[in-house]
Amino acid sequence: MAKKKLIILALATTMLAACGKKAANDGFAWNKATVYFVLVDRFCNGDSTNDQQYGRCTDYGSERMNASTFHGGDYAGLLQKTKEGYFADLGVDVVWLTDPYEQVHGWVPGSGWVVNDFPHYGYHGYYPLDYTEMDKNYGTIAEYRALIDELHAQGIRVMEGANINDIGYPTYLDALQAT
């Protein structure tokens, strides 16, 4: 627990320090920026070997049941598209990525026509289990760094999701008891 508090404190300190720095005089203006929101898991699958981490299942036998599973998008796919000029060609100024944290490993009950009728995974980044680890379905820290470096090399800023108010359920029983 002390390690997590230290990491959160370091993150907060870094963010405050960044706010105090004078912005580069490069003509960038947030009120004129084109921001592209990327749901990492849904964007591009660049490495299929990381698709089923933590024992996650991707195929429940029907399109409806599969809708809320992980679909394979990752940092390798984002890097590939970035190198191809996808964002630059669109005139994107900022890429906003979904939260990178390790998500709950299993699924939580989804609420469709009947409550808890389909498996719902944290593919969107909003069921963090561990704020100190990157979710392995998205790839590695090295791939993440390469992506950020490439976006910056193209003059594209990066915004990272930071869902710190909605933590995931540690177990399926916890999820059921919360509904």
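A few points on the structure. Source: prediction; values computed, not measured.

Turning to the overall build of the chain, a few remarks are in order. A count of helices and strands for the chain gives seven helices and seven strands. Taking all 179 residues of the chain together, 35% fall into the buried category. Long-range contacts, defined here as pairs at least 24 residues apart, represent 81% of the contacts in the chain between residues at least 6 apart. Approximately 10600 Å² of the chain is accessible, and the part contributed by carbon and sulfur atoms is 58%.

Those residues of helix α4 (residues 75–83) lying buried are Y75, A76, G77, L78, L79 and T82. The secondary structure elements touched by the buried residues of α4 are β1 (35–38), α2 (40–43), α5 (86–90), β2 (94–97), β6 (128–134) and α6 (141–153). Taking the backbone nitrogen of A76 as reference, a side-chain oxygen 3.4 Å away marks D74 as the first, capping residue of α4. Immediately downstream of α4, the backbone of G85 shows phi near 90°, a positive value.

What follows is about the sheet that holds strand β7 (residues 157–160). Reading across from one edge, β1-β2-β7 is the order of the three strands in this open sheet, with parallel pairing throughout. Pairing within the sheet leaves two strands with one partner each, and these edge strands are β1 and β7. With strand direction ignored, the average angle separating the axes of adjacent strands in the sheet is 25°. Here β2 pairs with β7 via four bridges, running parallel.

Quick look at the side chain of D99 now. Within the element layout of this structure, D99 appears in the loop between β2 and β3 (101–103). One buried charged side chain, D99, makes no salt bridge at all; its nearest oppositely charged neighbour is R56, positioned 13 Å away.

Scanning the entire structure with this criterion turns up three salt bridges. The residue E84 makes a salt bridge to K81 at a minimum N-O spacing of 3.7 Å.

Two elements in contact, α4 and α6, have axes separated by 9 Å at closest approach and are oriented at 20°. When the interaxial angle is binned, α4 and α6 end up roughly parallel. As α4 runs across α6, the sense of the crossing is left-handed. Contacts from Y75, A76, L78, L79, T82 and K83 of α4 reach α6 at E143, Y144, A146, L147, E150 and L151. For the contact of α4 with α6, the per-class residue count stands at eight nonpolar, one polar and three charged.

Moving on: the environment of P119. Mapped onto the elements of the fold, P119 is located in strand β5 (residues 115–120). In this structure, the C-alpha to C-alpha distance between P119 and V108, residues 11 residues apart in sequence, is 6.1 Å. Ignoring any residue separated from it by four or fewer positions in sequence, one finds P119 in contact with Y60, M65, S68, W107 and V108.

A few words on a nonpolar patch on the surface. A surface patch of nonpolar side chains, about 500 Å² in accessible area, is lined by W30, V35, F37, W96 and Y126. For W96, a relative accessible area of 34% puts it in the partly exposed group.

With 13 residues, α6 should reach 18 Å at 1.5 Å per residue; the first-to-last C-alpha distance of 18 Å fits that figure. Among all positions of α6, only Y144, L147, I148 and L151 are buried. Each buried residue of α6 sits inside an arc of 95° when the element is viewed along its axis, so together they form one side. Of the exposed residues in α6, the ones pointing more than 90 degrees away from its buried face are A142, R145, D149 and A153.

The rules behind each value
Residues numbered from 1 in each chain as written. Predicted model: local features only at pLDDT ≥ 70, side-chain atom pairs only at ≥ 80, totals over all residues. Heavy atoms only, no water. Helix = DSSP H or I, 4+ residues; strand = E, 2+ residues; numbered from the N terminus. Buried < 20%, exposed > 50% of the residue type's maximum accessible area, 1.4 Å probe, protein only. Contact = heavy atoms within 4.5 Å. Areas by Shrake-Rupley, 256 points an atom, 1.4 Å probe, with all protein chains shown as cover. Polar contact = N/O pair within 3.5 Å; in protein donor to acceptor, adjacent residues only side chain to side chain. Pairing = 2+ DSSP bridges. Axes fitted to C-alpha atoms, helices over the stretch in contact; angles between N-to-C directions. Lys, Arg positive; Asp, Glu negative; His and termini not counted. Salt bridge = Lys/Arg side-chain N within 4 Å of Asp/Glu carboxyl O. Parallel < 35°, antiparallel > 145°, perpendicular 65-115°, else oblique. Left-handed = near helix turned anticlockwise from the far one by under 90°. Nonpolar A, V, L, I, M, F, W, Y, C, P; charged D, E, K, R; others polar. Patch = residues over 30% accessible without salt bridge, like charges linked within 9 Å, V, L, I, M, F, W, Y side chains within 5 Å. Expected span 1.5 Å × (residues − 1). Arc of directions from axis to C-beta.

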